[in-house]
Amino acid sequence: MTPRHFLTLDDLTPQEHAALIRRALVLKRLQREHRPHRRLEGRVLAMVFEKSSTRTRVSFEAGMAQMGGHAIFLSPRDTQLGRGEPLPDTARVLSRMADAIMVRTFEHEKIETFAAHASVPVINALTDRFHPCQLLADILTWIEHRGDIRGRTAAWIGDGNNMCHSWINASRIFGFHLRIATPPGYAPEPAILAAAGSHATLVQDPFEAARDADLVTTDVWASMGQEEEQARRRQAFQGYQVDARLMAAAKPDALFMHCLPAHRGEEVAAEVIDGPQSVVWDEAENRLHAQKALLEFLILGEFGKDTQ
Ligand code: CP
Ligand code: NVA
């Protein structure tokens with residue numbers, strides 16, 4: 001039987017997304033009240049990290065522990081993958097020992113190859129093209145703070161990168177409007193944008209994107225793997241910082257989100273990320289709760305039944 005993978009947000013149906021959010025809220029309450037929810041007793045998650053991470057590693061590892069399972073951290077520095085063992089062989093071997101595999105890597109095609117040879121669920125924990133786990137947390141955070149997201153407007157300011165692509169996918173799946181402002185040459189992939197139809201629009205002026213928005217979000221100007229482009233990007237993104245003036249163009253109660261890590265003084269001003277509209281710490285925490293619901297669904301094939 002082919003396992004269910006989570007390589008992009010499209011790997012869950014809109015109904016499954018809604019159920020996942022509901023379940024994440026329950027799991028969050030159970031965790032806060034120290035009530036046991038050891039649904040993954042004896043289960044193992046293998047975590048392959050080809051890039052750095054703080055939030056993703058800790059949220060998956062803590063999540064598996066809280067659900068009674070175990071997570072194994074694997075880096076290319078000390079696995080045979082790092083010495084050139086083929087991806088398909090690694091996928092086959094890990095599938096014989098683990099109940100799910102989480103992968104953070106560079107080219108999105110690599111995780112697709114990995115998943116094609118895995119016989120357990122594979123979870124995308126960030127590729128150069130997508131970061132779907134972050135969007136599960138971001139949508140959960142939105143819903144906790146503001147209720148339904150359908151019909152609302154979010155503004156993406158900055159690079160048309162992996163996070164931007166997952167926000168575009170989310171706009172189509174969750175039925176909100178995304179206004180994207182990027183400098184010339186840094187637009188999202190045209191096919192990803194086109195697939196969202198009228199849900200996502202691309203402009204160049206950040207103020208046009210932010211006007212009357214319910215949410216403003218951004219990300220670093222140079223992602224992991226783009227370290228050498230940093231100076232050139234810093235130039236190209238002048239005028240794209242989310243600061244108090246830009247936030248003032250959005251609705252007065254607009255939320256500010258950032259997947260973190262953030263560079264204060266570059267893509268976001270300290271006054272915004274550390275200010276009252278920022279929900280970045282909730283976003284970070286919600287990685288834990290959303291991914292616990294995801295792990296439960298992918299490994300067990302269903303969400304737990306407890307509703308409060
Ligand atoms: N937001 C996010 O994925 O953070 P890490 O790189 O620390 O995992
Ligand atoms: N766009 C960033 C996100 C980090 C969580 C990167 O890929 O480095």
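Here, every reference points to the structure presented above.
Quick caveat: nothing in here was measured; it's all calculated off a predicted structure.

Student: What's the story with the site of ligand 1 in this structure? I'm lost.
Tutor: Close to ligand 1 lie Ser53, Thr54, Arg55, Thr56, Arg104, His131, Gln134, Cys259, Leu260 and Arg287, which account for all nearby residues. A distance of 2.8 Å separates an oxygen atom of ligand 1 from a polar atom in the side chain of arginine 104. Within the contact set of ligand 1, an oxygen atom lies 3.0 Å away from a side-chain nitrogen or oxygen of arginine 287. When ligand 1 sits alone it has 250 Å² of accessible area, and the protein chains cover 95% of it. Counting atoms within 2 Å of the grid points, the majority share of ligand 1 lands in the largest pocket. Per-class residue counts for the shell around ligand 1 are 2 nonpolar, 5 polar and 3 charged.

Student: Honestly, empty space enclosed by the protein in this entry has me stumped. Any pointers?
Tutor: Think of a ball as big as a water molecule: rolled over the atoms, this probe shows where empty space is left. Within this structure, the stated rule accounts for 1 cavity of 30 Å³ or more. As a volume, the largest cavity reaches approximately 40 Å³.

Student: How should I be thinking about the pattern of salt bridges in this particular structure?
Tutor: Opposite charge on two side chains permits them to pair, given that their charged atoms come into close proximity. The final tally for this structure, using the stated rule, is 23 salt bridges. Across the pair arginine 35 and glutamate 33 runs a salt bridge whose closest N-O atoms are separated by 2.6 Å. Each of Arg23, Arg39 and Glu296 takes part in one network of salt bridges that share partners.

Student: How should the packing of helix α5 (residues 132-146) against helix α6 (residues 162-174) be read in this particular structure?
Tutor: Angle between the axes and distance between the axes are the two parameters that describe a pair of packed helices. Where α5 contacts α6, the two axes come as close as 9 Å, and the packing angle between them is 55 degrees. Judged by the inter-axis angle, α5 sits oblique to α6. Seen along the crossing, α5 lies across α6 with a hand that is right-handed. Here α5 contributes Pro132, Gln134, Leu135, Asp138 and Ile139 to the contact with α6, which in turn contributes Met163, Ser166, Trp167, Ala170 and Phe174. Here the contact of α5 with α6 is composed, by residue class, of 7 nonpolar, 2 polar and 1 charged.

What counts, and where the lines are drawn
Residues numbered from 1 in each chain as written. Chains lettered and ligands numbered in written order. Predicted model: local features only at pLDDT ≥ 70, side-chain atom pairs only at ≥ 80, totals over all residues. Heavy atoms only, no water. Near = heavy atom within 4 Å. Polar contact = N/O pair within 3.5 Å; in protein donor to acceptor, adjacent residues only side chain to side chain. Areas by Shrake-Rupley, 256 points an atom, 1.4 Å probe, with all protein chains shown as cover. 1 Å grid on protein atoms, 1.4 Å probe; cavity = no way out; pocket = protein on both sides within 12 Å on 5 of 7 lines; lining within 4 Å. Sits in = over half its atoms within 2 Å of the grid points. Nonpolar A, V, L, I, M, F, W, Y, C, P; charged D, E, K, R; others polar. Points joined across faces, edges and corners; volume = space filled by probe spheres on them. Salt bridge = Lys/Arg side-chain N within 4 Å of Asp/Glu carboxyl O. Axes fitted to C-alpha atoms, helices over the stretch in contact; angles between N-to-C directions. Helix = DSSP H or I, 4+ residues; strand = E, 2+ residues; numbered from the N terminus. Parallel < 35°, antiparallel > 145°, perpendicular 65-115°, else oblique. Left-handed = near helix turned anticlockwise from the far one by under 90°. Contact = heavy atoms within 4.5 Å.

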